[in-house]
Structures are given as C-alpha cells and as structure tokens.
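# Secondary and tertiary structure notes
The chain contents come next:
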Amino acid sequence: MYDSPIRIKTISQFHTLRGLPKPKHPLISVINFEDMAVALESGKQSLIFDFYMISVKRDMNHKYRYGQQDYDFDEGVMFCMAPNQILSIVREEHGKNPSGWMMMIHPDFLWNTPMASAIKKYEFFDYSVNEALFLSEDEEIKIQQITDNIKQEYQTNIDKFSQNIIISQLETLLNYSERFYQRQFITRHKAHYQFLEKLEILLNDYYERDDFKTKGLPSVQYLADEFNMSPHYMRGLLKTLTGKTTQQHIHEKLIEKAKEKLSTTELSVSEIAYELGFEHSQSFSKLFKAKTDISPLEFRKSFN
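Turning our eyes to something else, we now look at the overall build of the protein. The helix and strand inventory of the protein stands at 13 helices and 10 strands. When burial is assessed residue by residue, the protein has 46% of its 304 residues classed as buried. Contacts in the protein between residues far apart in sequence, at least 24 positions, make up 73% of those at least 6 positions apart. For the protein, the exposed area adds up to about 16,200 Å²; of that, 48% sits on carbon and sulfur atoms.

Another point: the confidence of the model for the protein. In the predicted model, the protein carries a mean pLDDT of 83, and 84% of its residues have values of at least 70. Low pLDDT (under 50) marks residues 65–74, which in the prediction has 40 contacts with non-local residues, meaning those over four places away or in another chain.

This part is about the sheet that holds strand S9 (residues 99–105). Overall, antiparallel pairing links the five strands, which are arranged S2-S9-S4-S7-S10 in an open sheet. Each of the sheet's edge strands pairs with one partner strand only, and the pair in question is strand S2 (28–32) and strand S10 (133–134). Looking at chain direction, strand S7 (residues 77–81) and S10 are connected through two bridges and run antiparallel. By the bridge assignment, valine 77 is partnered in S10 with phenylalanine 134.

By the definition in use, this model includes eight salt bridges. For the salt bridge of arginine 7 with aspartate 50, the shortest nitrogen-to-oxygen distance reads 2.4 Å. Pair noted here: arginine 7 is in strand S1 (residues 6–8) and aspartate 50 is in the loop between strand S3 (43–49) and strand S4 (52–58), with a separation of 43 residues, a long-range link. The salt bridge involving glutamate 275 is made with lysine 261; its shortest N-O contact spans 2.9 Å. Note that glutamate 275 is positioned in helix H11 (residues 269–275) and lysine 261 in helix H10 (residues 246–264), a separation of 14 residues in sequence. Accessibility expressed as a relative area gives 23% for glutamate 275, which makes it partly exposed.

For asparagine 84, which is not glycine, the phi dihedral falls at a positive 70 degrees. Within the secondary structure layout, asparagine 84 lies in the loop between S7 and strand S8 (86–91). The backbone of asparagine 228 sits at a positive phi, close to 55 degrees, despite the residue not being glycine. Looking at the element boundaries, asparagine 228 is found in the loop between helix H8 (220–226) and helix H9 (231–242).

Here we take up the nonpolar core. Of all hydrophobic cores here, the largest spans 64 residues; its most connected members are Ile54 and Phe125. Examining the composition of this core, we find that eight residues originate from one element, helix H5 (residues 162–187), more than from any other. Counting residues in each nonpolar core, the second largest holds 19 residues, with Phe51, Met53, Val77 and Met104 among its members.

Its 12 residues give H9 an end-to-end C-alpha distance of 16 Å, which sits within 8% of 16 Å, the value for a rise of 1.5 Å per residue. Listing the buried residues of H9 in full gives Tyr233, Met234, Gly236, Leu237, Leu238 and Leu241. Glycine 243 occupies a position one or two residues after H9 and carries a positive phi of about 80 degrees.

It is worth spelling out H10 at this point. Taking 1.5 Å as the rise per residue, H10 with 19 residues should run 27 Å; its terminal C-alpha atoms sit 28 Å apart, in good agreement. Buried within H10 we find Thr246, His249, Ile250, His251, Lys253, Leu254, Ile255, Lys257, Ala258 and Leu262.

By the definition in use, this model includes 14 aromatic pairs. Between phenylalanine 49 and phenylalanine 51, the ring centres sit 5.3 Å apart and the planes meet at 45 degrees, which makes this aromatic pair tilted. Both residues of the pair, phenylalanine 49 and phenylalanine 51, count as buried. Of the aromatic side chains, those joined through ring pairs into one cluster are Tyr52, Tyr122, Phe124, Phe125, Tyr181 and Tyr233.

In terms of burial, S2 is largely enclosed, as four of its five residues are buried. As paired strands, S2 and S9 are joined by five bridges and run antiparallel to one another. Across the sheet, residue serine 29 finds its bridge partner in S9, namely methionine 104.

The next point concerns the packing of H10 against helix H12 (residues 281–292). It is at 10 Å that the axes of H10 and H12 come closest, and there the two elements cross at 105 degrees. In terms of orientation, H10 lies roughly perpendicular with respect to H12. Between H10 and H12, the contacting residues are Gln248, His251, Leu254, Ile255, Ala258, Lys259 and Leu262 on the first element and Phe284, Leu287, Phe288, Lys291 and Thr292 on the second. Its residues assigned to classes, the contact of H10 with H12 shows seven nonpolar, three polar and two charged.

Our focus in this paragraph is the side chain of lysine 253. Position of lysine 253 among the secondary structure elements: in helix H10. The buried category is assigned to lysine 253, whose relative accessible area is 3%. At 3.2 Å, the side chain of lysine 253 forms a polar contact with the side chain of asparagine 204. Setting aside residues no more than four positions away along its own chain, lysine 253 makes contact with Glu200, Leu203, Asn204 and Tyr207.

Reading the values: the criteria
Residues numbered from 1 in each chain as written. Predicted model: local features only at pLDDT ≥ 70, side-chain atom pairs only at ≥ 80, totals over all residues. Heavy atoms only, no water. Helix = DSSP H or I, 4+ residues; strand = E, 2+ residues; numbered from the N terminus. Buried < 20%, exposed > 50% of the residue type's maximum accessible area, 1.4 Å probe, protein only. Contact = heavy atoms within 4.5 Å. Areas by Shrake-Rupley, 256 points an atom, 1.4 Å probe, with all protein chains shown as cover. pLDDT = per-residue confidence, 0-100. Pairing = 2+ DSSP bridges. Salt bridge = Lys/Arg side-chain N within 4 Å of Asp/Glu carboxyl O. Core = buried A, V, L, I, M, F, W, Y, C linked by side-chain atoms within 4.5 Å. Expected span 1.5 Å × (residues − 1). Phe/Tyr/Trp six-rings, centres within 6.5 Å; stacked < 30°, edge-to-face > 60°. Axes fitted to C-alpha atoms, helices over the stretch in contact; angles between N-to-C directions. Parallel < 35°, antiparallel > 145°, perpendicular 65-115°, else oblique. Nonpolar A, V, L, I, M, F, W, Y, C, P; charged D, E, K, R; others polar. Polar contact = N/O pair within 3.5 Å; in protein donor to acceptor, adjacent residues only side chain to side chain.

Here you go:
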C-alpha cells in the first residue's frame, strides 16, 4: 500500500521539498533533476500537484505509478500531468539520481489567456505514464530548445511582455509534443495494428455475451481498462490509425450486429433492440438511422 499522497500546492513548495533555491517566478519553473539537493528517499512516495507538469527523464531507476500503471524508465521519455493527478514513485535503496528536467506551470499563470482553456485540448496530459512519449534525439533537441527559451525568458525579462512570450513558447512546445505523439502512434504500427485486431475480437466477444442485454453497450472506460490504456490515449491512437473515435468503433460494431439480425432473423425491431441492450427501441432506431441513413425496417426491406 502507498502512504497518503503529499499535495504540492505551489511551485515554491516543490522547490523547498527538493532543496532547490526559491523559484525565479512563482507560477512557472524549469528545474534540472541533477540540481535537486534533497533526493527522493528510498521506498514509496506519492505526490499530487496543483499545477501542470511536463518532464523529460533519462537513466531512471525509479518505478513510477500513475493511475494503475507501473513504469520503469530505462531510457529518455517525456510525460505530462494535469493538476490533481496522483504520481507515485518507488526508489530503490541505492538508486542513482535521475537526469533530465521538469517544467511546472501553475494554472494561475495561464489565467486570462487563451491557453487557460486551450491547454485542456492536449489529451496527453491525461495519458498514463506507460503511455509516455519516446523522443528521438532530434525531437528531444527541439523540445529542449523551446524549454530553454521559456526558462531564459522568465529568468531575465519579467515585464509586460513576458507572459505572452512564454505562453507562445508553451503553445509551441505542446504542439510539437502532439506532433511527436502522432508520430509515435504511426511508427509503432505493428503493435498498434495488433491492438486493432484485439479490439475487434474484444468487441465481438462482448456482443456475444449472455449478459450483454442487461449491461448494454461497452463503455469507453471498459475498453480502455481491458487494454490497460487511458481513455484519452486509446481515443488518440484509434483516431490516428482509423480516423474514428473509440465511441464510433463501439457503435460500428453494434450496427454490424444489428444488420446481421435484421437480415437473418425474423425478430422485430423492438426485439432486436432489446437483444442489443437498448431499453427503448426508439433509441436503437435513432442510432441505426444516424449511422446508416436508413431505418432498421428500411434496411430489412432491402433484403426482401
């Protein structure tokens, strides 16, 4: 069991916790892990941050738990966290100090700027640690350059232009991160297309279960749990591979089953709707027409 997590409310509090000097800016800070005077104690520690966190870690011998996933950092990777998420760390007794950096951005820094709401569109802030971004050497250099620009700006030029300049650099950093994630979805195509095959099998099996009528449609969370993925990561992966969301895949498989029953059985539309987990046949008919442009009865008549 993990101890109760430590809530880190401010960037200054984190600096103090790790024996770092007072931050140059109270709402944004970039630190190198090598500069931490207070290393992680051996054993387990859980943290909840009240701010956004972006980090690139290399040569880690820590085990990280984020949600329900454990992850060993054997090479340099990047991952991001939104506020109020739990990060649990396991450090071996004689573990070496990590290398890499960490950027902290308090939501108050984004207040009254377009980024305050725009940052929520970057779904990788809700990915699990095991869904981290593996950067190529060139990608890491690009990310490092932008991060250095942000650090230089808040350390040397705190004036009326500073916030807008940093926000602009941050948006660039997040856009590059999104591009690199899309690249990762594509370059790991073998494992990802195996995932598509397994998803197909999982959905087929689900719709064939006896308890499907009472449970209804599989939820996005159910599928994500079956693959040990976060819902946002699964959605991004499917969107890249197929152009469709997880919900669209769920509905497509349902429509496939509905067409099968409409064309090969004499069950009424209401009976088919019930077998497919719908309490009301009107809801089934509405979904069927939205997906096929014809009603269930019209589809059945096309076979007669």
